[in-house]
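Coordinate inspection notes
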Amino acid sequence: MFRAYAALVLVGLIWGSNFIYMKMATEVISPMQVVFLRVVAGFLPLALAAWASGAVNRGQLRYFPHFAVMSVLATSFYYYGFVAGTALLPSSVAGLLGGAIPIVTFATSYLVLRSERPSALTAAGVVTGFAGILLTARPWGGGEGIATAGVLWVMAGTVSVGVSFVYARRYLAPLGLSPLALATWQIGLALPTLAVLTDYHGMSAIVENRHALLGLVVGLGLLGTGLAYLIYYYMVERLGAVGASGATYLPSVVAVAIGAAVGETVTGVELAALGLILGGVALIQLGSRGAAKRRTA
């Protein structure tokens, strides 16, 4: 179990550092180019792991339409929203907004699936979390230097991945496919889409900036996409889905800490927003656990 919890901390650190890598890379090349190179680098370890384990086979091609939908929702558009938003925002602010994924996922799940009425705790969690999002964006004061377009892009990515969880639950979970197979298919299918949409002009500039190149290929691709997926699946196996979901708490904290370390302004407002978002996630998880216990009682 020590290894499982160490893995949880590690994946939280990896995901939290993604925002500064996005920021570094978008100062050199375009957001679409960043997403394309990230997916290329991230697909390699997943493809090797899937091949070695036999997780992917031709018989799964009959589920191609579902894989294609997931490739857009959970990879192409999700990644682009986060990268485009981070290019316009301080990495700490983008990391704060990214912490709202569990909140948006729950709200989307309730609106689409309507499997159960939210408890008082989960409802309070949604309200608290969205209060944190509003405090981060501060639209009432012109954003105080926070680019509205950046906030909208990150939130669009958040909604996209939130919808992907609901889609996967409804259409893919009943198929009994391994998470590794699903991730390999969705990221693999995102590659040709991104290859068509990406303008390659000027992309070679990333090679001239060693720090940005390493951050993109190693930080975002190999670690943030490929290895992070593999670690997450290991955590789900050892800790269960609820235990593994603890990894969603760390990235926002890590992103804010890294942003402060590199000279970004982190005020009491950002820290208060961080507390609200994490508090909202905690309340939602507590409410969901209570509902699960009531159903099995």
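Residues numbered from 1 in each chain as written. Predicted model: local features only at pLDDT ≥ 70, side-chain atom pairs only at ≥ 80, totals over all residues. Heavy atoms only, no water.

**With respect to the overall build of the protein**
As a reminder, the rule being used: For the purposes of this entry, the term helix denotes a DSSP run of H or I that reaches at least four residues, the term strand denotes a run of E that reaches at least two, and both are numbered from the N terminus. Using a 1.4 Å probe on the protein chains alone, a residue whose accessible area is under 20% of its type maximum counts as buried, one over 50% counts as exposed, and one in between counts as partly exposed. Only heavy atoms matter for contacts: two residues are in contact if any of them lie within 4.5 Å across the pair. The method behind every accessible area is Shrake-Rupley, applied with a 1.4 Å probe, and residues are considered shielded solely by the protein chains displayed.
Along the protein, the regular secondary structure elements total 11 helices and zero strands. Along the protein, helices and strands appear, N-terminal first, in the series α-α-α-α-α-α-α-α-α-α-α. For the protein, buried positions account for 49% of its 297 residues. Sequence-distant contacts, at least 24 apart, represent 89% of the contacts inside the protein between residues at least 6 apart. Carbon together with sulfur atoms contributes 69% to the accessible area of the protein, which is approximately 13600 Å² in total.

**Things to note about the environment of Tyr 79**
Summarising the element assignment, Tyr 79 is placed in helix 3 (residues 64-88). Taking the relative accessible area as the measure of exposure, Tyr 79 reaches 4% and is therefore buried. With 47 residues separating them in the primary sequence, Tyr 79 and Met 32 have C-alpha atoms 9.1 Å apart. Excluding residues within four positions of it along the chain, Tyr 79 makes contact with Val 35, Arg 38, Val 39, Thr 225 and Tyr 229.

**Here's the deal with the packing of aromatic side chains**
Each aromatic ring pair is characterised by the separation of its centres together with the angle its planes make. Test applied: The pairing test for Phe, Tyr and Trp rings, Trp by its six-membered ring, is centres within 6.5 Å, and the orientation test on the planes gives stacked under 30 degrees, edge-to-face over 60, and tilted for anything in between.
Inspection of the entire model under this criterion finds nine aromatic pairs. Residues Tyr 63 and Phe 67 carry aromatic rings whose centres are separated by 6.3 Å and whose planes lie at 85° to one another, so their mutual orientation is edge-to-face. Judged by relative accessible area, Tyr 63 falls into the buried class, the value being 16%. Since its relative accessible area comes to 1%, Phe 67 is described here as buried. Ring geometry for Phe 67 and Trp 185: centres 5.1 Å apart, planes at 10°, overall stacked. With Phe 67 in helix 3 and Trp 185 in helix 8 (residues 179-197), this pair connects stretches of sequence that are 118 residues apart. Classification of Trp 185 as buried rests on a relative accessible area of 14%. Among the aromatic residues, those joined into a ring-pair cluster are Phe 19, Tyr 78, Tyr 79 and Phe 82.

**Remarks on the packing of helix 3 against helix 8**
Relative orientation and spacing of two packed helices are given, respectively, by the angle between their axes and the distance between those axes. Condition: Only the stretch in contact is used when a helix axis is fitted, and all axes are lines through C-alpha atoms; the angle between N-to-C directions ranges over 0 to 180 degrees. An angle below 35 degrees is read as roughly parallel, one above 145 as roughly antiparallel, one from 65 to 115 as roughly perpendicular, and any other as oblique. By the convention adopted, Pro, Cys, Tyr, Trp, Phe, Met, Ile, Leu, Val and Ala count as nonpolar, Lys, Arg, Asp and Glu as charged, and the other residues, Gly among them, as polar.
In contact at an axis separation of 8 Å, helix 3 and helix 8 are set at 75° when each is read in the N-to-C sense. Relative to helix 8, the element helix 3 lies roughly perpendicular. The segment helix 3 lies against helix 8, with Phe 64, Phe 67, Ala 68, Met 70, Ser 71, Ala 74, Thr 75 and Ser 76 engaging Leu 182, Trp 185, Gln 186, Ile 187, Leu 189, Ala 190 and Leu 194. Residues belonging to the contact of helix 3 with helix 8 are distributed by class as follows: 11 nonpolar, four polar and no charged.

**A closer look at the environment of Val 253**
Assignment of secondary structure puts Val 253 in helix 10 (residues 250-261). With a relative accessible area of 36%, Val 253 lands in the partly exposed category. Distance from Val 253 to Ser 92, taken between C-alpha atoms, is 8.7 Å for residues 161 residues apart in sequence. Once residues within four sequence positions are removed from consideration, Val 253 is found in contact with Leu 274 and Leu 278.

**Brief notes about helix 4 (residues 91-98)**
Among the eight residues that make up helix 4, eight are buried, leaving the element largely enclosed by the rest of the structure. Where helix 4 is concerned, the buried positions are Ser 91, Ser 92, Val 93, Ala 94, Gly 95, Leu 96, Leu 97 and Gly 98.

**Considerations on the packing of helix 1 (residues 2-26) against helix 2 (residues 31-53)**
The criterion, for reference: Helix crossings fall into two classes, left-handed where the near helix is turned counterclockwise from the far one by less than a right angle and right-handed where it is turned clockwise.
At a minimum axis separation of 9 Å, helix 1 and helix 2 run at an interaxial angle of 125°. By the angle class used here, helix 1 and helix 2 are oblique. Crossing of helix 1 against helix 2: the hand is right-handed. Counting all contacts with helix 1, which are made through Asn 18, Met 22, Ala 25 and Thr 26, the residues of helix 2 involved are Pro 31, Val 34 and Arg 38.

**With respect to the nonpolar core**
Note the cut-off: Only buried residues count toward a nonpolar core. Its members are Ala, Val, Leu, Ile, Met, Phe, Trp, Tyr and Cys residues joined through side-chain atoms within 4.5 Å.
Core analysis: the largest hydrophobic core is formed by 51 residues, its most contacted members being Leu 89, Leu 97 and Leu 216. Here this core takes eight residues from helix 2, the largest share from any one element. Counting residues in each nonpolar core, the second largest holds 12 residues, with Tyr 167, Leu 177, Leu 182 and Trp 185 among its members.

**A few points about the side chain of Ser 17**
As a reminder, the rule being used: As used in this structure description, the phrase polar contact means that two N or O atoms lie within 3.5 Å; if the pair is within protein, one of them must be able to donate a hydrogen and the other to accept it, and residues adjacent in sequence are counted only when both atoms belong to side chains.
Along the chain, Ser 17 falls in helix 1. For Ser 17, the side chain forms a polar contact with the main-chain oxygen of Ile 14, separated by 2.8 Å. Apart from residues lying up to four places away in sequence, Ser 17 is in contact with Val 254 and Ile 258.

**Regarding the confidence of the model for the protein**
For clarity, the cut-off: A score between 0 and 100, pLDDT records how confident the predictor is in each residue.
In the predicted model, the protein carries a mean pLDDT of 85, and the fraction of residues at 70 or more is 88%. Taken element by element, the predicted model of the protein shows its lowest mean pLDDT in helix 5 (residues 101-113) (77) and its highest in helix 3 (95).

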